[in-house]
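Single-letter residue listing:
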Amino acid sequence: MTDQSPAATNYDLRAMANAIRALSMDAVQQANSGHPGMPMGMADVAAVLFSEHLKYDPTAPFWPDRDRFILSAGHGSMLLYSLLYLTGYEDMTLDQIKNFRQIGAKTAGHPEYGEANGIETTTGPLGQGIATAVGMALAEKLQAARYGDDVVDHYTYALAGDGCLMEGISHEAISMAGHMKLDKLIVLFDDNGISIDGPTDLTVSDDQLGRFAASGWQVIACDGHDVAAVSKAISDAKANTNQPTLIACKTVIGYGSPNKQGTSSTHGAPLGDDEITATRAQLDWPYGPFEVPTAVLDQWRAAGARSQASRKAWEARLDGLDADARALWDRTQAGNLPAGLDETINSYKKQLAEDLPKLATRASSQNALDVINPVVVETIGGSADLTGSNNTKSGDMGIVSSTDFTGRYVHYGVREHGMAAAMNGIALHGGLIPYGGTFLVFTDYCRPSIRLSALMGQRVVYVMTHDSIGLGEDGPTHQPVEHVASLRAMPNVAVFRPADAVETAECWEVALKRTDGPSVLALSRQGVPALRTTHTDDNLCAKGGYVIREASSDAKVVLIGTGTELQLAVDAAQQLEADGVPTRVVSLPCWELLNDTDKAALLGADGTIRVAVEAGISFGWERILGSNGAFVGIDTFGASAPAGDLYKHFDITVERVVKEARARL
């Protein structure tokens, strides 16, 4: 249900746009750092969007049915900060504008999610914003199919520049959006023809309108400095109910700067005091630095208040949901999991302790999802064209398509990077928990988006299978040896490498409960035996590590394993114990959750003989092993052969673990 349409206004849109230009050039000049060109060039477009079209309420910044505005060209952050101040977001004060790019300010060089209300996502790495916007637009469709358009009916706008559209992720994103016919996604292209190095024709000659049209988008071109043309283009975009829309806004970078506009010199450097003085004269803006006249500010504040009636009407419609739908809405919007999840997982673990299945952990993950997804109905699964290999689709999940958004499973296609960014958008939108799969080696394709998941503290679950040389014959191109270590090196990412079916279920539970950052589940292709043979109500993996086999007396040796190699540690401990060497075995499924107290209790004082085994590189293990430890793994690329042969070839064996322990006794 559409809450509002653009109405005739008495806004002086040119003066309102000039306020953006002035604040942007003043803030960049004061910081002696920043990007004034894009905010000055797109100020007219932004003034039209925020005063006539965008549905938002600065007094209720988390209104679930607000339109989303994504500044994909995040270097132009002063455009967004100016808009937030001018429209009346309480936490974006003029002092914040004056402290642009300074320590402790909400006005970072690129927009940072969580720093200020109205910043919908962290942007800066070009292309990420447009791909994240695809996820938000998809989430809107999914939620509307569940609750109806009386409750969910909003647009997602992304402002993108030439750089965003050059990035490879943009190709994945626009293809996905066109295929799914995400008609409430509108991309405003700052078509200024300038990049950092100079004119864009130095590096690119793409027909951008033709490219988007070929992917199933409606394409519109307009003069980005003609406010009437911009408003009509946005209205036409919203009238198309079958396609996403690209609006190519022809603009002049640094508009209003008489000596620098239209050149790359305005892109990423202050204009300079003399040029700012000349620009004020050119724009007929006879006001001092950071000064916005009352008449202009009042118009902006009126624009910011124009959706309040729409929000109140929406709140009344929300109250009209039936009790069950309203309870589900409230729970999922708050990010809370259903009350029955703990018991569901615990009952499943009891069954596993009886059945003792020997399965690849990717298959154990599939089984866990078959238990979890009927209970946690807000999960949205998917895979990058590897559903049968990643085992990410549970039996209760219908397929999401352009004609049916009631499903919960997304076929992302071979678009790993686009998938990861879209999942960020789904998580940021609220009300849904996304997870998606590919091979662990292809986290290289996902990495920039995983990093943003971590930076923004978003609950996104990455299901990464085929986690070692154990995948076998596909060879070193597909065998991840450095990937687990590289993901562990990334702040705020929880990397889980479960060893059997019970650990896999526990890791899923922890990942779903982790609301302040992403999780990576590194899962095996090859089968593993059941190692957790005695049921415990406690989720042992939630501690990061635990003793899976205790020593017969005071431990002289501690063996540490993760994932498929934990069984090697268990078997090695049996041999050492048979030789009279008390040996403890520690499972370490998630380093990030292991606190210092538990670490000392599990591993003993520094100097205790510790041997770790993992089919990956040794990088990082020195933090676990201390001064008297040994690592059994692989510090080279793999090879193409059956998994068993590879483990022998690279000497990742029980015998090697025993040998390393004995050598230190």
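Calculation notes
Residues numbered from 1 in each chain as written. Predicted model: local features only at pLDDT ≥ 70, side-chain atom pairs only at ≥ 80, totals over all residues. Heavy atoms only, no water. Helix = DSSP H or I, 4+ residues; strand = E, 2+ residues; numbered from the N terminus. Rg over C-alpha atoms; globule rule 2.2 N^0.38 Å. Buried < 20%, exposed > 50% of the residue type's maximum accessible area, 1.4 Å probe, protein only. Contact = heavy atoms within 4.5 Å. Areas by Shrake-Rupley, 256 points an atom, 1.4 Å probe, with all protein chains shown as cover. Lys, Arg positive; Asp, Glu negative; His and termini not counted. Charge placed at Lys NZ, Arg CZ, Asp CG, Glu CD. Salt bridge = Lys/Arg side-chain N within 4 Å of Asp/Glu carboxyl O. Polar contact = N/O pair within 3.5 Å; in protein donor to acceptor, adjacent residues only side chain to side chain. Phe/Tyr/Trp six-rings, centres within 6.5 Å; stacked < 30°, edge-to-face > 60°. Lys NZ or Arg CZ within 6 Å of the ring centre and 35° of its normal. Pairing = 2+ DSSP bridges. Axes fitted to C-alpha atoms, helices over the stretch in contact; angles between N-to-C directions. Parallel < 35°, antiparallel > 145°, perpendicular 65-115°, else oblique. Left-handed = near helix turned anticlockwise from the far one by under 90°. Nonpolar A, V, L, I, M, F, W, Y, C, P; charged D, E, K, R; others polar. Right-handed = clockwise from strand over helix to strand, strands pointing away.

1. Regarding the overall build of the chain
Then step 1. In terms of regular secondary structure, the chain is built from 26 helices and 20 strands.
Then step 2. A compact globule built from 665 residues should have a C-alpha radius of gyration of about 26 Å, and the chain, at 28 Å, falls within 12% of that.
Then step 3. Each principal axis of the C-alpha distribution contributes one length, and for the chain these read about 90 × 55 × 45 Å.
Then step 4. Across the 665 residues in the chain, those meeting the buried criterion constitute 62%.
Then step 5. If you take every contact in the chain between residues at least 6 apart in sequence, the share linking residues at least 24 apart comes to 78%.
Then step 6. In the structure as shown, the chain presents an accessible area of about 23,400 Å², 49% of it carried by carbon and sulfur atoms.
Then step 7. Averaging the coordinates of the 53 positive side-chain charges in the chain and doing the same for the 81 negative ones gives two points 3 Å apart.

2. Considering the side chain of R211
Then step 1. Here R211 lies in helix α9 (residues 208–214).
Then step 2. The side chain of R211 sits in the buried core without any salt bridge; D206 is the nearest counter-charge, 4.5 Å away.
Then step 3. Only 3.0 Å separates the side chain of R211 from the side chain of Q208, close enough to count as a polar contact.
Then step 4. Beyond its immediate stretch of four places on either side in the chain, R211 contacts L165, S170, H171, I174 and D206.

3. Some remarks on the packing of aromatic side chains
Then step 1. Counting across every chain of the model gives 14 aromatic pairs.
Then step 2. When the centroid spacing of 6.2 Å and the interplanar angle of 40° are considered together, the rings of Y155 and Y157 count as tilted.
Then step 3. Clustering of aromatic rings is evident, with ring pairs tying together W63, Y147, W314 and W329.
Then step 4. Between the NZ or CZ atom of K184 and the centre of the ring of Y155, over which it lies, the distance is 5.9 Å.
Then step 5. Sitting over the ring of Y155, K238 keeps its end group 5.9 Å from the ring centre.

4. Some words on the sheet that holds strand β11 (residues 433–439)
One key point about sheets: their strands pair by backbone hydrogen bonds, in either a parallel or an antiparallel sense.
Then step 1. Read from one edge of the open sheet, six strands run β10-β9-β11-β12-β14-β13, paired in parallel fashion. Of all strands in the sheet, those with a lone pairing partner are β10 (409–411) and β13 (494–496), marking the two edges. Neighbour to neighbour, the strand axes of the sheet diverge by 20° on average, direction disregarded.
Then step 2. One ladder, built from three bridges, connects strand β9 (residues 379–383) with β11; its direction is parallel. For T379, the partnering residue across the bridge sits in β11 and is I433.

5. Description of the packing of helix α3 (residues 43–53) against helix α4 (residues 77–87)
Then step 1. Where α3 contacts α4, the axes come no closer than 11 Å and their chain directions differ by 40°. The pairing of α3 with α4 is recorded here as oblique in orientation. Where α3 crosses over α4, the handedness of that crossing is right-handed. Each of A43, A46 and F50 in α3 lies in contact with α4, whose residues at this interface are L79, L83 and T87.
Then step 2. Of the residues belonging to the contact of α3 with α4, the class tally is five nonpolar, one polar and no charged.

6. Focus on the pattern of salt bridges
Any two side chains of opposite charge can pair, so long as their charged atoms come close to each other.
Then step 1. In the structure shown here, the tally under the stated rule is 29 salt bridges.
Then step 2. With a closest N to O distance of 2.5 Å, D183 and K141 form a salt bridge. Taken together, the residues span a long stretch of sequence, with D183 in the loop between α8 (168–180) and β3 (185–191) and K141 in helix α6 (residues 128–147) at a distance of 42 residues. For the residue pair D183 and K141, the accessibility class agrees, reading buried in each case.

7. With respect to the pairing of strand β7 (residues 245–250)
Then step 1. Across the six residues of β7, five count as buried, placing the element largely inside the fold.
Then step 2. The pairing of β3 with β7 spans six bridges and is classified as parallel. Residue pairing for β7: F189 is matched across the bridge by A248.
Then step 3. Pairing between strand β6 (residues 218–223) and β7: six bridges, direction parallel. Among the inter-strand pairings, I220 is bridged to a residue of β7, identified as I247.
Then step 4. The handedness of the β6 to β7 crossover, carried by helix α10 (residues 227–239), is right-handed.

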